[in-house]
Amino acid sequence: MKSTSRSPRHIAFIIDGNRRWARERDLLPSTGHEAGYSNVLTIDAACRQREIPWRSFYLLSSANLRRSSAEVEHLARLMTEFFREWAMATNATPHLVGEIDSAELSPPLRAEAQRLLELCGHASAENTNNVAFFVNYGGESGNATVSRASCLDHIPPVDLVVRTGGERRLSGFIPPQVAFSELAFVNEYWPEFSDLHLDAVIDEFAARDRRFGGDPAAQPQVNA
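The rules we used
Residues numbered from 1 in each chain as written. Predicted model: local features only at pLDDT ≥ 70, side-chain atom pairs only at ≥ 80, totals over all residues. Heavy atoms only, no water. Buried < 20%, exposed > 50% of the residue type's maximum accessible area, 1.4 Å probe, protein only. Helix = DSSP H or I, 4+ residues; strand = E, 2+ residues; numbered from the N terminus. Pairing = 2+ DSSP bridges. Polar contact = N/O pair within 3.5 Å; in protein donor to acceptor, adjacent residues only side chain to side chain. Contact = heavy atoms within 4.5 Å. Phe/Tyr/Trp six-rings, centres within 6.5 Å; stacked < 30°, edge-to-face > 60°. Salt bridge = Lys/Arg side-chain N within 4 Å of Asp/Glu carboxyl O. Expected span 1.5 Å × (residues − 1).

(A) Summary view of the pairing of strand 3 (residues 93–97). Here strand 3 lies mainly inside the structure; five of its five residues are buried. Of the two faces of strand 3, the one carrying Thr93, His95 and Val97 and the one carrying Pro94 and Leu96 are both buried. Bridge analysis of strand 3 against strand 4 (residues 130–137) gives five bridges, and the strand direction is parallel. Pairing of Val97 across the sheet is with Phe134, part of strand 4.

Structure follows, in structure tokens:
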């Protein structure tokens, strides 16, 4: 499937349902998180194949840090490993959003996030391979501090927000870029979200009439 003029140029994923996916299979929650992060690599590759120049992934909300210390420690360790694996698996330009210098994050994760932050690129018409990771981010964190400490200002508007796991809410994922986003809520848990599901939400997006609060003939331009 190739991109068309009706395809989203920027998709953001709220990766929900990792723990529930594991529980339904009598697995540990940690196994669900591992499957979830692995699927980020899979779905990002599928997006690249579909020529979607911008992908965002809501990896860790600030509210997630209120979970048990054991789960938070596992998430931090897993995310540190994920960032290292991601950097080797793709040549996409990374963009990192969130309070990554917070003491609530483990030192190894802060160090790995800082390394990615130093690679943070700028949006341009020539740059067609971008991934934004939202880490320790929440609606209450969308302030000047986060903007200074991240790549938020470099990210273009989100065309489509996809949330897995059957929930119908954004759970703090409210950067300015989602003001006019289309929303797609799917029942599948994130570890089972596949390229077929990706094609389905892209097709649904293409069929929608986006009016941006006004005349559909006067749609705002989105930089790639």
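Picking up where we left off.
(B) How the structure looks around the side chain of Ser56. Mapping Ser56 onto the fold places it in strand 2 (residues 54–61). Since its relative accessible area comes to 1%, Ser56 is described here as buried. Here the side chain of Ser56 touches His10 through a polar contact of 2.8 Å, side chain to side chain. Beyond its immediate stretch of four places on either side in the chain, Ser56 contacts His10, Ile11, Ala12, Phe13, Ala132 and Phe134.

(C) Here's a closer look at the packing of aromatic side chains. For the structure shown, the criterion picks out 15 aromatic pairs. With centroids separated by 6.1 Å and ring planes inclined at 65 degrees, the aromatic side chains of Phe13 and Phe193 adopt a geometry described as edge-to-face. Linking Phe13 in strand 1 (residues 10–14) with Phe193 in the loop between strand 6 (182–185) and helix 6 (195–207), this pair joins segments that are 180 residues apart in sequence. Note on Phe13: relative accessible area 0%, which makes it buried. Between the aromatic rings of Phe82 and Phe133, the centroid separation amounts to 5.6 Å while the plane-to-plane angle is 85 degrees, which identifies the pairing as edge-to-face. Of the two residues, Phe82 is situated in helix 3 (residues 69–89) and Phe133 in strand 4; the sequence distance between them amounts to 51 residues. Both residues of the pair, Phe82 and Phe133, count as buried. Among the aromatic residues, those joined into a ring-pair cluster are Phe13, Tyr37, Phe57, Phe82, Phe83, Trp86, Phe133, Trp190 and Phe193.

(D) Looking closely at the pattern of salt bridges. Applying the stated criterion across every chain yields a total of 14 salt bridges. A salt bridge links Arg20 to Asp16, with the nearest nitrogen and oxygen atoms 2.9 Å apart. Taken together, the shared-partner salt bridges in this structure form one network comprising Asp16, Arg20, Arg163, Glu167 and Arg169.

(E) Fine view of helix 2 (residues 29–49). Spanning 21 residues, helix 2 covers 30 Å between terminal C-alpha atoms, matching the ideal 30 Å at 1.5 Å per step. Three or more residues of helix 2 are buried, namely Gly32, His33, Gly36, Tyr37, Asn39, Val40, Leu41, Ile43, Asp44, Ala46 and Cys47. Looking at the buried residues of helix 2, the elements they touch are strand 1, helix 1 (18–23), strand 2, helix 3, strand 4 and helix 6. Of the residues one or two after helix 2, Glu51 is the one with positive phi, at around 60 degrees.

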